[in-house]
Amino acid sequence: MFTRRTLLAGAAAAAAAPLLPGRLFAAGPEAKILEAAAARVQIAPEGYPQTEIWGYGGAVPGTEIRARQGDRLRRRLVNSLEQPTTLHWHGIRIDNAMDGVPGVTQEAVPPGGDFLYEFDLRDAGTYWYHSHNQSYEQVARGLQGALIVEETDAPDVDREEVLVLDDFRLDPETGQIAGFDNMHDFSHGGRLGNIAVTNGVFNKTLSVKQNERLRLRLLNTANARIFQLQLQGLEGWVVAFDGMPLEVPQPLPETLLLAPAQRADIIVDVTAEDGGEAHLIRLDREEALSQILFEVKGRASESRRPAPAPLPPNPDMEVAGLDDALRSTLHMEGGAMRGFQSAMMDGRKVGFREAAQSMNFWAMNGMVGMPDEPLLVAERGQTVRVVIKNDTMFPHGMHLHGHHFREVLEDGTLGPLRDTLLMFGDETREIAFVAHNPGDWVFHCHMLTHAASGMMTRIKVLA
Ligand SMILES: [Cu+2]
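As the structure is a computational prediction, the values presented were derived from the model and not from experiment. Counting starts from 1 at the beginning of each chain's written sequence and moves along it residue by residue. At least 70 in pLDDT is required for a residue's local features to be given in this predicted model, at least 80 for side-chain atom pairs to be given and counted, and no such filter applies to totals for whole chains, interfaces and linings, which use all residues. The basis for every side-chain value is the complete set of heavy atoms in the structure, and neither hydrogens nor water enter the calculation.

### Side note on the nonpolar core
1) Next: Here the nonpolar core consists of buried residues drawn from Ala, Val, Leu, Ile, Met, Phe, Trp, Tyr and Cys, with membership extended through side-chain atoms lying within 4.5 Å. A simple rule labels every residue: compare its accessible area, found with a 1.4 Å probe on the protein chains alone, to the largest value its type can have, and call it buried under 20%, exposed over 50%, or partly exposed in between. By size, the foremost hydrophobic cluster in this structure holds 83 residues, and its most contacted members are Trp89, Phe119, Leu147, Val386, Ile388, Phe433 and Phe443.
2) Next: Apart from the residues lying within four places of it in its own chain, the contact partners of isoleucine 388 are Leu330, Met332, Leu421, Met423, Glu427, Thr428, Arg429, Ile431 and Phe443.
3) Next: Residues Leu214, Leu234, Val268 and Leu280 belong to the second largest nonpolar core, which totals 27 residues. Contacts were defined at the residue level, with two residues in contact if any of their heavy atoms lie within 4.5 Å.

### So, the domain arrangement of the protein
1) Next: Start and end points for every domain follow an automatic or database-based domain assignment. Domain annotation of the protein identifies domain 1 (23-150), domain 2 (159-299) and domain 3 (322-461).
2) Next: Relative placement of domain 1 and domain 2: their C-alpha centres are 22 Å apart.
3) Next: Opposite the 32 residues of domain 1 that make contact, domain 2 presents 31 residues.
4) Next: Definition used for salt bridges: Asp or Glu carboxyl oxygen within 4 Å of a side-chain nitrogen of Lys or Arg. Where domain 1 meets domain 2, there are one salt bridge.
5) Next: Residue glutamate 160 is joined to arginine 66 by a salt bridge in which the shortest nitrogen-to-oxygen separation is 2.7 Å.
6) Next: For this analysis, a polar contact is any N or O atom pair within 3.5 Å, provided that within protein one partner can donate a hydrogen and the other can accept it, and provided that sequence-adjacent residues contribute only side-chain to side-chain pairs. The interface formed by domain 1 and domain 2 contains 11 residue pairs in polar contact (both at pLDDT 80 or more).
7) Next: When residues of the side of domain 1 that touches domain 2 are traced back to their parent elements, those giving at least two are β2 (51-56), β3 (62-68), β7 (125-130), α2 (135-138) and β8 (144-150).
8) Next: The leading source of residues in the side of domain 1 that touches domain 2 is β7, at four residues. Working definition: helices are DSSP H or I runs of at least four residues, strands are E runs of at least two. Numbering for both runs from the N terminus.

### Regarding the sheet that holds strand β6 (residues 114-120)
1) Next: Pairing between strands requires that DSSP locate at least two bridges from one strand to the other. Here we have four strands laid out as an open sheet, ordered β2-β1-β4-β6, and mixed in their pairing. Looking at strand neighbours, the two that pair on one side only are β2 and β6, the edges of this open sheet. Neighbour-to-neighbour, the strand axes of this sheet turn through a mean angle of 25°, independent of strand direction. Only the stretch in contact is used when a helix axis is fitted, and all axes are lines through C-alpha atoms; the angle between N-to-C directions ranges over 0 to 180 degrees.

### With respect to unusual backbone geometry
Comment: phi is negative for the bulk of residues other than glycine, and the bulk of peptide bonds are trans.
1) Next: The omega torsion of the bond from valine 60 to proline 61 falls at -5°, within 30 degrees of zero and hence cis.
2) Next: Mapping proline 61 onto the fold places it in the loop between β2 and β3.
3) Next: A positive phi angle, close to 85°, is found at alanine 261, a residue other than glycine.
4) Next: Positionally, alanine 261 belongs in the loop between β16 (256-258) and β17 (263-270).

### Some points on the environment of glycine 233
1) Next: Within the secondary structure, glycine 233 is located in the loop between β13 (227-232) and β14 (234-241).
2) Next: The residues touching glycine 233, leaving out its near neighbours within four places in the chain, are Asp269, Val270, Thr271, Ala272 and Ala278.

### What about empty space enclosed by the protein?
Here the idea is plain: a probe the size of a water molecule rolls over the atoms and shows the empty space left.
1) Next: A cavity, in this analysis, means grid points on a 1 Å lattice covering only the protein atoms where a 1.4 Å probe fits yet has no way out; a pocket is instead an open set bounded by protein on both sides within 12 Å along at least five of seven lines, and a residue lines either one if it has an atom within 4 Å of a point. Grid points are joined across faces, edges and corners, and a volume is the space filled by probe spheres set on the points. Inspection of the entire model under this criterion finds three cavities of 30 Å³ or more.
2) Next: The calculated volume of the largest cavity comes to roughly 80 Å³.
3) Next: In terms of lining residues, the largest cavity is bounded by Val139, Ala140, Asp166, Asp167, Phe168, Arg169, Ile177, Arg191, Leu192, Gly193, Ala222 and Asn223.
4) Next: Here the lining of the second largest cavity is built from residues that sort into three nonpolar, one polar and four charged. For this classification, the nonpolar set comprises Ala, Val, Leu, Ile, Met, Phe, Trp, Tyr, Cys and Pro, the charged set comprises Asp, Glu, Lys and Arg, and every other residue, Gly included, is treated as polar.

### Quick notes on the side chain of arginine 75
1) Next: Note on placement: arginine 75 falls in strand β4 (residues 72-79).
2) Next: With no salt bridge to any partner, buried arginine 75 finds its closest opposite charge in aspartate 71, at an N-O distance of 8.8 Å.
3) Next: Not counting the four nearest positions on each side in its chain, arginine 75 is found in contact with Ala31, Lys32, Ile65, Trp89, Phe115, Leu116 and Tyr117. Counting rule for charge: Lys and Arg are taken as positive, Asp and Glu as negative, and neither His nor the chain ends is counted.

### Re the pairing of strand β25 (residues 382-390)
1) Next: Where strand β20 (residues 326-334) meets β25, seven bridges bridge the pair, whose relative direction is parallel. The partner of methionine 332 across the bridge, within β25, is asparagine 390.
2) Next: With eight bridges connecting them, β25 and strand β30 (residues 428-435) associate as antiparallel partners. Within β30, the position partnered with arginine 385 by the bridge is alanine 432.

### Details of the packing of aromatic side chains
1) Next: Ring pairs are drawn from Phe, Tyr and Trp, using the six-membered ring of Trp, whenever the two centres fall within 6.5 Å, and their geometry is named by plane angle: stacked under 30 degrees, edge-to-face over 60, tilted for the rest. Taken as a whole and assessed by the stated rule, the structure comprises 10 aromatic pairs.
2) Next: A centroid spacing of 5.8 Å and a plane angle of 65° characterise the contact between tryptophan 89 and tyrosine 117, whose relative ring orientation is edge-to-face. In this pair, tryptophan 89 sits in strand β5 (residues 88-90) while tyrosine 117 sits in strand β6, placing the two residues 28 residues apart along the sequence. For the pair tryptophan 89 and tyrosine 117, one class covers both residues: buried.
3) Next: Here the aromatic rings of tryptophan 362 and phenylalanine 394 are separated by 5.9 Å at their centres, their planes lie at 85°, and the arrangement is edge-to-face. With tryptophan 362 in strand β23 (residues 362-364) and phenylalanine 394 in the loop between β25 and β26 (396-400), this pair connects stretches of sequence that are 32 residues apart.
4) Next: A relative accessible area of 0% means that tryptophan 362 is categorised as buried.

### Description of the sheet that holds β26
1) Next: What the five strands build is an open sheet, ordered β24-β32-β31-β26-β29; its pairing is mixed. Looking at strand neighbours, the two that pair on one side only are β24 (377-378) and β29 (420-423), the edges of this open sheet.
2) Next: As defined by bridge partners, β26 adjoins β29 across four bridges and the pair is classed as antiparallel. Residue histidine 399 lies in a different strand from β29, and its bridge partner there is threonine 420.

### Quick word on the pattern of salt bridges
1) Next: Under the definition given, this model contains 40 salt bridges.
2) Next: Where arginine 76 meets aspartate 114, a salt bridge forms, and the shortest distance between an N and an O atom there is 2.7 Å. Of this pair, arginine 76 sits in strand β4 while aspartate 114 sits in strand β6, placing them 38 residues apart in sequence.
3) Next: Looking at arginine 76, the relative accessible area reads 6%, which means it is buried.
4) Next: Residue aspartate 114 is classed as buried on the basis of its relative accessible area, which comes to 13%.
5) Next: Arginine 141 serves as the salt-bridge partner of glutamate 137, at 2.7 Å between the closest nitrogen and oxygen.

### A few points about the environment of arginine 263
1) Next: Mapped onto the elements, arginine 263 comes out in strand β17.
2) Next: Separated by 45 residues in sequence, arginine 263 and leucine 218 have C-alpha atoms that sit 5.5 Å apart.
3) Next: For arginine 263, the side chain forms a polar contact with the main-chain oxygen of alanine 261, separated by 2.8 Å.
4) Next: Within the local environment of arginine 263, its side chain forms a polar contact with the side chain of aspartate 419, the two groups lying 2.8 Å apart.

Below is the structure:
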């Protein structure tokens, strides 16, 4: 039986339908909208002009998305840019169709178009979302934001701060984002900014109390900057990398390296005195700079507390069966000062100089850019090992989609779960993971100009 109410709703919908773009108002509870659009924000200090960015929700970083572990996330990307775009959900073990890689998992969303992203959040942790189309430009212009998935049992801290570390390259006169046609950015270490920011702000300041216990969720959303971080007036532990809890919290190293796309959850106690200062320090060449100032006002407790308990582990993360694993090798070549002898590009063999003419500088396994054939094809559930040989002069942050991996260390033990591996020049490292997630998953350098100029491949996991 129709009730009066459903009849009215039906009539209203029918009357309204011709006026609306059909797909946008499909049946079911409507997803929240995440609009990618230009906006003006203050990135440089007061006194400098505002900067035009491309952001989600008119800000950089974009609207923070916060959900609980086990939730289903639904967001409708609305593209109000003049370029096609997509959303990638970095570090989420996601359905392949929702991974947001144009030409691999979906077509890029054209200007004026929209796309519904919908997926379950199996894992708690610190993740982020960003454009995966023309990303060396779109992410640098601000198309990125934090995605926080809260544990059911939250750790015992006084408060938490999400700290998105980034840099921008601004014209000091106009305050506008500098252009993207710089060959040096593609062929060397990547596009570095000239102003480092936290949550889109230069010289971020926070108020804290002595002996306060903070959970700091650190994210590096920069195109190419490797943040080298130290603490002053704060002491603590790393409790998670790239969203995934460590089995045992580790005392913070003297310098914590955070490559582009990497995250670290740290739990710190404020040891600086009431009335004093603490800092998150960024080392830049030989200088120690304050990335974040913590002003200490008041005391949270009389004394410090014991080390924190580990965060609850995420499900089904075991990497076993290393001896029987499917093995593969990824050989990285190219870049300034070394180049490569020859590589396949667009179906034919080219030398380094010819590749460079089209702004391509890097090759993986002798291929410039996405190969026709995947690096490897794994059965679902198969353990995979990949030796990665960085035969270049530069660091690279290798990111695998849809899976977390562990590094196979020289003594045969396994490192922490990660989704992005920082490799320095001439290093050879090995990762291992269980190919649990069916689909085509890209595997690329997260120095985004490198990804755009050759450092892109993919793996395939059979259904
Ligand atoms: Cu790279």
